[in-house]
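Observations on chain architecture
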Amino acid sequence: MKKEKKHSAKQAAESVSGQKQSNKDSFRKTRRVVWIFTAGLILVLMVVSVRNIVIDYYYAFVLRSETISTAMNNIDPLFYTTDEQELLAQLESQWDFYRNSRLRDKVSTQAQDGTALSGHYYDNDSDTTVIVLHRYDGSSEDDFLYAPYFEECNLLMPDARNHGESGGDASTFGALEQYDLVCWLDWLADYAGEQTVILYGEDMGAVTALLASENGLLSDHVAYIIADSPYSSLQDIAKYTMWKWYKIPNVMTSLLGRMTNNMDNGFTVADADVLDNADAGECPVLFLVGENNEYIPAEESLAVYEAWGGEKELILCDSRNGLIYGENTELIQEALNRWTEQYVG
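Worth saying up front: this structure is predicted, and the values here are computed from it rather than measured. (Residues numbered from 1 in each chain as written. Predicted model: local features only at pLDDT ≥ 70, side-chain atom pairs only at ≥ 80, totals over all residues. Heavy atoms only, no water.)

So, the pairing of strand 7 (residues 285–290)
Most of strand 7 is tucked away, with six of its six residues classed as buried. Here strand 7 shows no split at all, with Val 285, Phe 287 and Val 289 on one side and Leu 286, Leu 288 and Gly 290 on the other all buried. Strand direction decides the pairing type here: strand 6 (residues 222–228) and strand 7, joined by four bridges, are parallel. Bridge pairing links Ile 225 to Val 285 in strand 7. Pairing geometry for strand 7 and strand 8 (residues 312–317), over six bridges, is parallel. Paired with Leu 288 across the two strands is Ile 315, which belongs to strand 8. Since strand 7 and strand 8 lie parallel, the crossover through helix 8 (residues 298–307) that links them has a hand, and here it is right-handed. (Buried < 20%, exposed > 50% of the residue type's maximum accessible area, 1.4 Å probe, protein only. Helix = DSSP H or I, 4+ residues; strand = E, 2+ residues; numbered from the N terminus. Pairing = 2+ DSSP bridges. Right-handed = clockwise from strand over helix to strand, strands pointing away.)

Some words on the packing of aromatic side chains
Here the distance between the centres and the angle between the planes together describe a pair of aromatic rings. Applying the stated criterion across every chain yields a total of 18 aromatic pairs. Ring plane angle 80° and centroid distance 5.4 Å describe the contact between Tyr 121 and Tyr 191, whose orientation is recorded as edge-to-face. Taken together, the positions of Tyr 121 in strand 2 (residues 116–122) and Tyr 191 in helix 4 (residues 177–192) put the pair 70 residues apart, joining distant regions of the chain. According to the relative accessible area criterion, Tyr 121 is buried, its value standing at 0%. Taking 6.2 Å as the distance between ring centres and 50° as the angle between the ring planes, the aromatic pair formed by Tyr 224 and Tyr 343 counts as tilted. With Tyr 224 in strand 6 and Tyr 343 in helix 10 (residues 329–343), this pair connects stretches of sequence that are 119 residues apart. Each member of the aromatic cluster is reached from another via a ring pair, and the members are Tyr 121, Trp 184, Trp 187 and Tyr 191. Of note, Lys 312 hangs over the ring of Tyr 305, and the distance from its end group to the ring centre comes to 4.9 Å. (Phe/Tyr/Trp six-rings, centres within 6.5 Å; stacked < 30°, edge-to-face > 60°. Lys NZ or Arg CZ within 6 Å of the ring centre and 35° of its normal.)

Focus on the layout of surface pockets
Estimates place the volume of the largest pocket at around 600 Å³. Contributing to the lining of the largest pocket are 27 residues, with Tyr 80, Arg 135, Asp 142, Asp 143 and Glu 202 lying nearest its centre. Of all the secondary structure elements, the ones that give two or more residues to the lining of the largest pocket are helix 3 (82–100), strand 3 (128–133), strand 5 (196–202) and helix 9 (324–327). Tallying contributions element by element places helix 3 first for the lining of the largest pocket, with three residues. (1 Å grid on protein atoms, 1.4 Å probe; cavity = no way out; pocket = protein on both sides within 12 Å on 5 of 7 lines; lining within 4 Å. Points joined across faces, edges and corners; volume = space filled by probe spheres on them.)

Quick word on the pattern of salt bridges
One pass over the full model with this rule turns up seven salt bridges. Note that Glu 84 and Arg 320 form a salt bridge whose closest N and O atoms lie 2.7 Å from each other. Residue Glu 84 is found in helix 3, and its partner Arg 320 is found in the loop between strand 8 and helix 9; the two are separated by 236 residues along the sequence. Measuring nitrogen to oxygen at the nearest pair gives 2.8 Å for the salt bridge that ties Arg 161 to Asp 180. Of the two residues, Arg 161 sits in the loop between strand 4 (154–158) and helix 4 while Asp 180 sits in helix 4, which places them 19 residues apart along the sequence. Neither residue differs from the other here; Arg 161 and Asp 180 are each classed as buried. Here the residues in one salt-bridge network are Asp 113, Arg 161 and Asp 180, joined through shared partners. (Salt bridge = Lys/Arg side-chain N within 4 Å of Asp/Glu carboxyl O.)

What about helix 4?
For helix 4, spanning 16 residues, the distance from its first C-alpha to its last is 22 Å, which sits close to the expected 22 Å at 1.5 Å a residue. Along helix 4, the residues that are buried comprise Glu 177, Gln 178, Asp 180, Leu 181, Val 182, Cys 183, Trp 184, Leu 185, Trp 187 and Leu 188. One or two positions beyond helix 4, positive phi appears at Gly 193, with a value near 80°. (Expected span 1.5 Å × (residues − 1).)

A look at the nonpolar core
In this structure, Ile 131, Leu 181, Leu 199, Leu 210, Leu 218, Ile 225 and Phe 287 are the most contacted members of the largest nonpolar core, which totals 46 residues. If you look at the next biggest cluster of nonpolar residues, it comprises 31 residues, including Trp 95, Val 132, Leu 145 and Tyr 325. (Core = buried A, V, L, I, M, F, W, Y, C linked by side-chain atoms within 4.5 Å.)

Topic: the pairing of strand 3
By the criterion of burial, strand 3 is predominantly enclosed, with six of the six residues buried. The alternating pattern of strand 3 places Thr 128, Val 130 and Val 132 on one face and Thr 129, Ile 131 and Leu 133 on the opposite face, and all of these are buried. Here strand 3 runs beside strand 5; their pairing, made up of six bridges, is parallel. Note that in strand 5 the partner of Leu 133 across the bridge is Gly 201. Judged from the three bridges that link them, strand 3 and strand 4 form a sheet pairing that is parallel. Within the sheet, the bridge partner assigned to Ile 131 lies in strand 4 and is Leu 156.

Encoded structure:
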């Protein structure tokens with residue numbers, strides 16, 4: 001009888017112990033589920049937050065959305081100090097005199113995909129035309145400080161797609177703009193007759209001209225290109241910009257680049273890559289690079305210069321964004337004298 005009682009007591013103890021263990025296991029599982037749910041919720045919130053950052057900044061650059069002014073206002077190199085503004089004032093006043101003392105026509109053409117393109121044309125009764133390809137977020141209304149130097153040439157200043165008065169749902173950083181440039185060259189030939197063309201481009205505008213040359217789109221009438229601060233590729237400049245000014249990691253920018261490739265804008269990020277085919281570049285190019293340019297890092301532009309397959313010359317100075325010509329006017333004009341004499345005659 002005593003043995004049976006002991007056995008029953010042992011069974012009861014084991015049952016209690018098993019119940020306690022079961023309760024512990026159940027608690028652990030519940031806690032694990034709570035942790036997984038909490039981590040999942042945090043991850044979802046992070047994704048939503050990142051998505052909002054993307055909409056406000058990355059897509060602002062890739063698509064030039066309504067938030068572009070907010071995004072651009074966070075980039076310090078786009079703004080000048082009082083001393084820098086005073087330095088540029090004389091050249092800007094010369095441009096104002098040029099613009100106000102000449103007649104200009106509002107002109108238009110159509111891109112290959114049907115996009116309406118707009119611009120302005122100064123007819124100086126010349127057989128040489130300078131086509132000005134503005135920077136990202138610029139327009140044909142921007143100051144063109146080189147105008148007095150080229151005062152005897154005609155001047156064509158197009159609005160890039162999705163800029164100024166041109167149509168288009170997105171900027172493509174040179175990918176489609178290079179084909180728009182071909183349409184402007186065709187328009188110029190019809191409007192002004194046979195012309196010798198000098199292309200000037202700044203950042204996105206420079207990339208547009210370089211891509212067109214790499215892909216054999218420029219006619220023999222294009223004498224040479226002035227490439228002011230080109231970037232090597234959209235992917236590279238996006239990574240740099242997103243990290244430096246908004247602290248978005250490069251891995252996230254790469255992922256967003258792939259997302260952009262799936263958008264119905266007629267281009268992929270990889271299409272705006274100058275470096276990939278730079279050795280096929282045919283046009284002579286005068287590269288202007290500022291070592292202190294924080295907007296388009298010098299190493300981006302220098303990589304394109306090194307890889308360029310055509311005739312080339314480099315003017316490397318210590319200027320930052322937008323100040324290369326203002327701080328090195330005489331040096332650049334001397335180079336332009338040589339280039340114009342050699343390639344235009």
